[in-house]
Structures are given as structure tokens and as C-alpha cells.
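Spelled out from the first residue to the last, the chains are:
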Amino acid sequence: MTSDSRSLQSSAVINEAVQTLREGGLVAFPTETVYGLGADAKNLEAIKKIFTTKGRPSNHPVIVHLAAPDIFDLAQVDWVPVLAPWVRDISEDALKLINAFWPGPLTLVFKKDKSVLNELTGGQDTVAIRAPAHPIAQELLRKFKGGVVAPSANRFGKVSPTSAADVRQEFEGALDLMILDGGDCEVGIESTIVDLSSGDRALLLRPGVITPSEILAKTGIKIYQPGEIQVGESAESFPRVSGSLRAHYAPTTPLRLYASGRVLDALSEFPDTKSRVAVAVWDSESALGHDGHPSVHFEEVLVSSDSATFASRFYRLLRDLDRQGWDLILLPEPPEGEEWDGVRDRLQRACFGSGPSSSNHANN
Ligand code: TXA
Ligand code: MG
């Protein structure tokens, strides 16, 4: 965040946003991960508006965002009354995870309370919940006194927004949207999603900056990867996660990954020689010093080799490069290691869905 963007929206603006939500309108707001497109989780018409605005299929569930309890003495925080209206039962493990990571970039999937609208769960009997850490999100939620559904504030399948300007650009001309400005998102990629709804094993549905090792270290809870659950065991009931589609988070400029030192190999995938190529290079490495591909004009863009810093700037980088009119964007393959899983996941989907043609956009 820049210093001026740290300044909070005034109370009057947040009150207006609360009023808009109460009247069934949409409000885009900052979270620490990405900006969300918010609506009252109890208002069916408002939820429908979210789906049509994003162009999101109605069977893809959304996350309910809740305010943290008022008392901020962590030892005394009691999350049970906050969750009780939304979920059927709250296990010991759920409370351990919540106490360790909320408010923060961790979403938990529970068996839903019967009052939770099927339209927000994609017809499933589970509900995804998180308490975001961003102070503006928290103030909005506290004043609203209810759950706010908020998918990322982008059109379905496209790059998630990490600033108020990104959101504006995403829906420009399409709708007059109230946007709360909280500066640039610090985390930069969407929350980690852990499914607790089976009651026994906790399953990772979407990697994020909170990793299974960090969860294990802080809570003693083992988080299973989808591959660790045997086929047949959960295939039928496997929850739909829209970010799990192959093409997602995608820019319109073709995007490819290159293995270390292999920029030219990546280019060979594009036989009609591309004339302008943006090549991202780790800031820890010396410049590319690319040897001759005579007709290609490379330009280097330095990217952080620290996973958290890379994540915080990743969508910004994609949006900026996408706007600059390159013929091709090459990004370095992320290193091995769990701390890169969240970024790797988004990168692979962004590559698969990238490009001006819609042929790869299975989800659009
Ligand atoms: O960081 C985030 O989580 C951001 C900010 C705005 O909070 N939100 C976000 O929302 O990423 P969205 O809608 O773009 O992604 C939510 C993901 C989807 O992949 C959805 O399928 C999954 O959560 N999800 C929601 N409810 C679920 C459920 N009951 N079971 C399994 N997955 C669920
Ligand atoms: Mg999204």
C-alpha cells in the first residue's frame, strides 16, 4: 500500500456502502487478498446480480464474508456466535484454524445451516466462509451486521483486481458500481481454501499464501491435497471451485512460462515470429543477455524472487503488461516449494486461458 492509499475511506462513505448493501445493491470493497464484489448474503436478488455482473455460472458458489467479533483481545475472541447462523457444526479443528488465522486470508468450507441460500452455495450443502483482515472490509462488515457474499470483483475467468482502479476498469461502461478504495491489496492472490465439510479430513481446495505447512506448524492439523484423497472416495461430492478450471485469471495477451535460461525455447512455440515480447526476469538473477533471435524485440521486466512479494504484485503485473500491447509475455517458471504453490496455480491457469481468442476459455 502507498501511504496515501492507507488512509481509510471516511465513515460517511462506508455508511453509504452499508446502505447500498441493505437496499440490495452491489459494493466493491478491498480485502487483503483481492477486491471483492459484495452483496447481502441474505438477499436473493442481490446474489443474482453478482452472478450476472460477473458473468459467472450460477452453479459456482461464492464465499460469505463475516466481521470479526468486536473484542479484539485475541484470547477472548469467541467465533462461535459469529459462525452459528451460517454453519451446521463447528469442530474443534475448525476453531483451531479460525483462532490461528482469522481475520486473514483463509477460507473454510463447512456444512451449511439450512437458512443459507442455495443460490450462494451453487446448490451444495456446504458454505465457504472467511473473515477478511483489511480494515475497510472489517468496518463495512461490522456496520452491515450481516454476511456479505463477495467473489473477486472481476469478470469471470479474468485477472482478479488488486486496486480500486482495477475494479473500475473491469466494469467500465457496464455498471455504475460503488467502489471502496483501500489501496493496493497486500497479499495479492485469493485466500487459501480448506474444506472441513467431510468432518474428518481437511482438504486443500485452493492454494494461497497460507500453506499446509504453516497450518500444520500453527495448529497441528494436517491438510490433505486433493490427490491424497482416493478416487471414488470423494469424486461425486467434490465441491466445485471455479478457480479450479484450467483457464482462469487470464490476460488477453498470450502468456507462457519459460524454464530457467530457456527463453528461446518458449518462443519457438510461436512460429510466426513475434515482434514484441516482454520477458520477466527474477530480480535475483543477472540480466538475460539473450542471444540472437533477430526479429524479436525483447524487453526485460524484473520480478521478485520472494514468493510473498511476487504474489502481492502478480495480478498487477499481468494487468500492466496486458495493457502495454505486447505480442507475448514470458514469465519464469516458479521454483519448487510449497510457498510458490499459490502463485504456480494462478500462473498455470493464466497461461492456459491467455490470448485474444476465446478457444481456451472453457469457462467463458
Ligand atoms: O480471497 C478471496 O477469497 C477473495 C476475496 C474477495 O475474499 N474471493 C474470492 O472469491 O476469491 P471467488 O468467488 O473469486 O472464489 C471463491 C472460490 C470459488 O472458487 C468457489 O468455487 C469456492 O470459493 N467456493 C465457494 N463456496 C464453496 C463451497 N461451498 N465449496 C467449495 N468451494 C467453494
Ligand atoms: Mg475469482
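Residues numbered from 1 in each chain as written. Chains lettered and ligands numbered in written order. Predicted model: local features only at pLDDT ≥ 70, side-chain atom pairs only at ≥ 80, totals over all residues. Heavy atoms only, no water.

(A) Inspection of the overall build of the chain at higher detail. Broken down by element type, the chain carries twelve helices and 14 strands. Buried positions account for 52% of the 364 residues belonging to the chain. When contacts within the chain are restricted to residue pairs at least 6 apart in sequence, long-range pairs at least 24 apart make up 67% of them. Surface accessibility of the chain: about 16,000 Å² in total, with carbon and sulfur atoms responsible for 50%. (Helix = DSSP H or I, 4+ residues; strand = E, 2+ residues; numbered from the N terminus. Buried < 20%, exposed > 50% of the residue type's maximum accessible area, 1.4 Å probe, protein only. Contact = heavy atoms within 4.5 Å. Areas by Shrake-Rupley, 256 points an atom, 1.4 Å probe, with all protein chains shown as cover.)

(B) View of the confidence of the model for the chain. For the chain, the mean per-residue pLDDT works out to 88, and 86% of the residues sit at or above 70. Low pLDDT (under 50) marks residues 231–238, which in the prediction has five contacts with non-local residues, meaning those over four places away or in another chain. (pLDDT = per-residue confidence, 0-100.)

(C) Geometry of the sheet that holds strand β9 (residues 202–206). Judged by pairing direction, the sheet is mixed, and its ten strands sit side by side in the order β7-β1-β2-β6-β3-β5-β4-β8-β9-β10 without closing on themselves. Looking at which strands have only one partner, the edges of the open sheet turn out to be β7 (178–179) and β10 (223–224). (Pairing = 2+ DSSP bridges.)

(D) Highlighting the packing of aromatic side chains. A full pass over the atoms with the stated rule returns seven aromatic pairs. With centroids separated by 5.2 Å and ring planes inclined at 70°, the aromatic side chains of Trp-79 and Trp-102 adopt a geometry described as edge-to-face. On the criterion of sequence distance, the pair formed by Trp-79 in the loop between β3 (63–65) and α4 (80–83) and Trp-102 in the loop between α5 (92–101) and β4 (106–111) is long-range, its members being 23 residues apart. Assigned by exposure class, Trp-79 and Trp-102 land together as buried. The aromatic ring of Trp-326 is capped on one face by Arg-276, whose charged end is 4.2 Å from the ring centroid. (Phe/Tyr/Trp six-rings, centres within 6.5 Å; stacked < 30°, edge-to-face > 60°. Lys NZ or Arg CZ within 6 Å of the ring centre and 35° of its normal.)

(E) Broad picture of the sheet that holds strand β12 (residues 276–282). Strand order in the open sheet formed by four strands is β11-β14-β12-β13, and the pairing between neighbours is parallel. Strands with a single pairing partner mark the edges of an open sheet, and in this sheet they are β11 (255–258) and β13 (297–303). Within the sheet, the average angular offset between the axes of one strand and its neighbour, ignoring direction, is 25°. In the sheet, β12 pairs with β13 via seven bridges, with the strands oriented parallel. Note that in β13 the partner of Val-279 across the bridge is Glu-300. On top of the sheet, helix α11 (residues 307–323) reaches β11, β12, β13 and β14 (328–332); it is set at about 165° to β14, its chief contact. (Axes fitted to C-alpha atoms, helices over the stretch in contact; angles between N-to-C directions.)

(F) How the structure looks around the environment of Pro-207. With respect to the secondary-structure elements, Pro-207 resides in the loop between β9 and α9 (212–219). When the C-alpha positions of Pro-207 and Thr-192 are compared, they lie 4.9 Å apart, and in sequence the two are 15 residues distant. Residues within four places of Pro-207 in sequence aside, it is in contact with Glu-190, Thr-192, Asp-341, Gly-342, Asp-345 and Arg-346.

(G) Layout of the packing of α11 against helix α12 (residues 341–353). Contact pair α11 / α12: the axes reach a minimum separation of 10 Å and the direction vectors enclose 25°. Judged by the inter-axis angle, α11 sits roughly parallel to α12. Along this stretch, α11 crosses α12, giving a crossing that reads as left-handed. Residue-level contacts link Ser-307, Phe-310, Ala-311, Phe-314, Tyr-315 and Leu-318 of α11 to Val-343, Arg-346, Leu-347 and Ala-350 of α12. A per-class count over the contact of α11 with α12 returns eight nonpolar, one polar and one charged. (Parallel < 35°, antiparallel > 145°, perpendicular 65-115°, else oblique. Left-handed = near helix turned anticlockwise from the far one by under 90°. Nonpolar A, V, L, I, M, F, W, Y, C, P; charged D, E, K, R; others polar.)

(H) Representation of α12 within the structure. Look at α12: 18 Å from first C-alpha to last across 13 residues, which is about the 18 Å you get at 1.5 Å a residue. Burial of α12 is extensive: ten of the 13 residues sit out of reach of the surface. Burial in α12 covers these residues: Gly-342, Val-343, Arg-344, Asp-345, Arg-346, Leu-347, Arg-349, Ala-350, Cys-351 and Gly-353. Contacts made by the buried residues of α12 are with β9, β11, α11 and β14. (Expected span 1.5 Å × (residues − 1).)

(I) Molecular detail of the environment of Ile-221. When you line up the elements, Ile-221 lands in the loop between α9 and β10. A relative accessible area of 6% places Ile-221 in the buried class.

(J) Broad picture of the side chain of Asp-40. Here Asp-40 is to be found in strand β2 (residues 36–40). Buried and unpaired, Asp-40 has no salt bridge, with Arg-22 as the nearest side chain of opposite charge at 7.5 Å. Only 2.8 Å separates the side chain of Asp-40 from the backbone nitrogen of Lys-42, close enough to count as a polar contact. Apart from the residues lying within four places of it in its own chain, the contact partners of Asp-40 are Leu-21, Ala-46, Ile-47, Phe-144 and Gly-147. (Lys, Arg positive; Asp, Glu negative; His and termini not counted. Salt bridge = Lys/Arg side-chain N within 4 Å of Asp/Glu carboxyl O. Polar contact = N/O pair within 3.5 Å; in protein donor to acceptor, adjacent residues only side chain to side chain.)

(K) Highlighting the environment of Arg-323. One can find Arg-323 in helix α11. Here the alpha-carbon distance between Arg-323 and Pro-251, two residues 72 residues apart in the chain, equals 9.3 Å. For Arg-323, the side chain forms a polar contact with the side chain of Asp-320, separated by 2.9 Å.

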